[in-house]
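What follows is the residue order along each chain.
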Amino acid sequence: MAILVTGGLGYIGSHTVVELLNNGFEVVIIDDLSNTERFILKNIEEITGKKPVFYPFDLRRKELLTQVFDAHQIDGCINFAASKAVGESQIIPVDYYENNLFSLINILQEFKTRKISNFIFSSSCTVYGQADVMPIDENTPLKTPESVYGKTKQMGEQILIDFAKAYHSKISLLRYFNPIGAHPSGKLGELPIGIPNNLVPYVMQTASGIREKLNIWGDDYPTEDGTAVRDYIYVVDLAKAHVAALKKLIDDPSSDAVIDIYNLGTGKGSSVLEVVKAFEKTNNVEVPYQICARREGDITIAYANPDKAGKELHWKSETSLEEALRTVWEWQKYLKTRNS
Ligand code: WQD
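Residues numbered from 1 in each chain as written. Predicted model: local features only at pLDDT ≥ 70, side-chain atom pairs only at ≥ 80, totals over all residues. Heavy atoms only, no water.

A. The arrangement of the overall build of the chain in detail. A count of helical and extended segments in the chain gives 11 helices and 13 strands. At 19 Å, the chain has a C-alpha radius of gyration in line with the 20 Å of a compact globule built from 340 residues. Principal-axis analysis of the C-alpha atoms gives the chain an extent of 55 × 45 × 40 Å. Out of the 340 residues in the chain, the part that is buried amounts to 56%. Across the chain, every contact between residues at least 6 apart in sequence was considered, and the portion connecting residues at least 24 apart equals 79%. Of the roughly 14800 Å² that the chain leaves accessible, carbon and sulfur atoms contribute 50%. Of the charged side chains in the chain, 36 are positive and 44 negative; the average position of the first set lies 3 Å away from that of the second. (Helix = DSSP H or I, 4+ residues; strand = E, 2+ residues; numbered from the N terminus. Rg over C-alpha atoms; globule rule 2.2 N^0.38 Å. Buried < 20%, exposed > 50% of the residue type's maximum accessible area, 1.4 Å probe, protein only. Contact = heavy atoms within 4.5 Å. Areas by Shrake-Rupley, 256 points an atom, 1.4 Å probe, with all protein chains shown as cover. Lys, Arg positive; Asp, Glu negative; His and termini not counted. Charge placed at Lys NZ, Arg CZ, Asp CG, Glu CD.)

Okay, here's the thing in structure tokens:
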């Protein structure tokens, strides 16, 4: 079965392509290379010994997308392609709405005309905003996300729910908490282009001397050590959840709409300071930091109740924070040799 993976050379996309190939799926990747580099494709081939088909174009090019569906028997899609920098989304909102939503709609137009089902959507815990109760499960009420990025995720979910109902299609909305880590081979990982927005790539670059100091955005939150708490999930565990969610849709014989929704996290919260200390201890490095004011739009705390994915997908996150952070340091060492 050929699965279309949009954004398949990106961080979570590339790790998911590896798991799909290892599970015997054929993979067709579309990636505009705006937030990744082409060598990732070669590394996927080295890790799996298989060659996914790759098309380098922007999903807003409808005519090119139609050609891909004409050329391949597509049986499902995992849609990662989106702009995802929370801060940037506040500065160029129209570009975020256009890219994230037009790309999604173009794929759904093809799914509609060709009566294709099995659509997995890369969503985010950001759709919950600051939830009132922890841990966060799938019945937790959604709130208007703080960022335009989060709003595009919430709108994307709504578009897919309406699509599934209208066309009796099978969809799965995967709400990630905070993905971290790199592939155990050391050949795949988060490729921050420019100054990293997210915590772990910034910690990685500070430890390796690329950044002078980590800014910790606020230590006056109502948490144990005053820094904000998140649920940091290892990227390979997250990738495996995508294969499990896809298999569930494919195996579901229902001819009615299927709308699966899963929170994908470890179920454990870690503070910013805990992540920094764990990184230093695990990798025997120093991460100099300074406490700064809170970052606009940040929430205090978010961690998942992953029981539903456990029960229905027979999936759970198995990798510790320390192990995930060890793979990050291995990846940074790989990047250093690549760039030298
Ligand atoms: C985590 C914590 C920061 C950087 C966002 C999106 C989510 C997902 C992951 C895409 C926060 C603190 C960070 C730094 C810091 N997006 N921090 N110094 O904001 O929880 O989630 O990225 O996949 O949908 O909402 O992740 O890593 O940016 O921040 O102190 O230099 O680390 O304030 O408390 P976030 P993050």
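That shown, we press on.
B. Examining the side chain of serine 103 more closely. Within the fold, serine 103 resides in helix H5 (residues 93-114). Discounting chain neighbours no more than four positions away, the residues touching serine 103 are Leu59, Arg60 and Glu98.

C. Geometry of the packing of helix H3 (residues 62-71) against H5. At a closest axis distance of 10 Å, the pairing of H3 and H5 adopts a crossing angle of 40°. Comparing their axes, H5 and H3 come out oblique. The two elements H3 and H5 meet at a crossing, and its hand is right-handed. Here H3 contributes Lys62, Leu65, Thr66, Phe69 and Asp70 to the contact with H5, which in turn contributes Asn106, Ile107, Gln109, Glu110, Phe111 and Arg114. Partitioning the contact of H3 with H5 into residue classes produces four nonpolar, three polar and four charged. (Axes fitted to C-alpha atoms, helices over the stretch in contact; angles between N-to-C directions. Parallel < 35°, antiparallel > 145°, perpendicular 65-115°, else oblique. Left-handed = near helix turned anticlockwise from the far one by under 90°. Nonpolar A, V, L, I, M, F, W, Y, C, P; charged D, E, K, R; others polar.)

D. Region of the structure containing the site of the ligand. Close contacts around the ligand come from 20 residues, with Ser124, Leu199, Asn215, Arg230 and Asp298 the closest. Side-chain polar atom of arginine 230 to an oxygen atom of the ligand: 2.7 Å apart, as the coordinates give it. Protein coverage of the free-state accessible area of the ligand, which is 690 Å², stands at 92%. Of all the secondary-structure elements, those providing two or more residues to the shell around the ligand are helix H7 (199-207) and strand E8 (214-217). (Near = heavy atom within 4 Å. Polar contact = N/O pair within 3.5 Å; in protein donor to acceptor, adjacent residues only side chain to side chain.)

E. A look at the pairing of strand E2 (residues 26-30). A large share of E2 lies buried, amounting to four of its five residues. Pairing analysis gives five bridges linking strand E1 (residues 2-6) to E2, with the strands arranged parallel. Along E2, the bridge assignment pairs leucine 4 with valine 28. Handedness of the crossover joining E1 and E2 through helix H1 (residues 11-22): right-handed. Alignment of E2 against strand E3 (residues 53-55), held across three bridges, turns out to be parallel. Bridging across to E3, isoleucine 29 finds its partner in phenylalanine 54. The handedness of the E2 to E3 crossover, carried by helix H2 (residues 39-48), is right-handed. (Pairing = 2+ DSSP bridges. Right-handed = clockwise from strand over helix to strand, strands pointing away.)

F. Representation of the environment of threonine 337. Position of threonine 337 relative to the elements: it lies in helix H11 (residues 321-339). Residue classification places threonine 337 among the exposed positions, given a relative accessible area of 54%. Between the C-alpha atoms of threonine 337 and glutamine 90, which are 247 residues apart in sequence, the distance is 35 Å.

G. Here's a closer look at H5. The terminal C-alpha atoms of H5, which comprises 22 residues, lie 32 Å apart, in line with the 32 Å expected from a rise of 1.5 Å per residue. Among the residues of H5, Tyr96, Asn99, Asn100, Leu101, Ser103, Leu104, Asn106, Ile107, Leu108, Glu110 and Phe111 are the ones counted as buried. Directly beyond the C-terminal end of H5, a positive phi value near 50° is found at lysine 115. (Expected span 1.5 Å × (residues − 1).)

H. Just the environment of isoleucine 3, in detail. For isoleucine 3, the position within the fold is in strand E1. For the pair isoleucine 3 and glycine 150, spaced 147 residues apart in the sequence, the C-alpha separation amounts to 26 Å. Setting aside anything within four residues of it in sequence, one finds isoleucine 3 in contact with Leu20, Phe25, Glu26, Val27, Val28, Asp75, Gly76, Cys77, Ile78 and Leu246.

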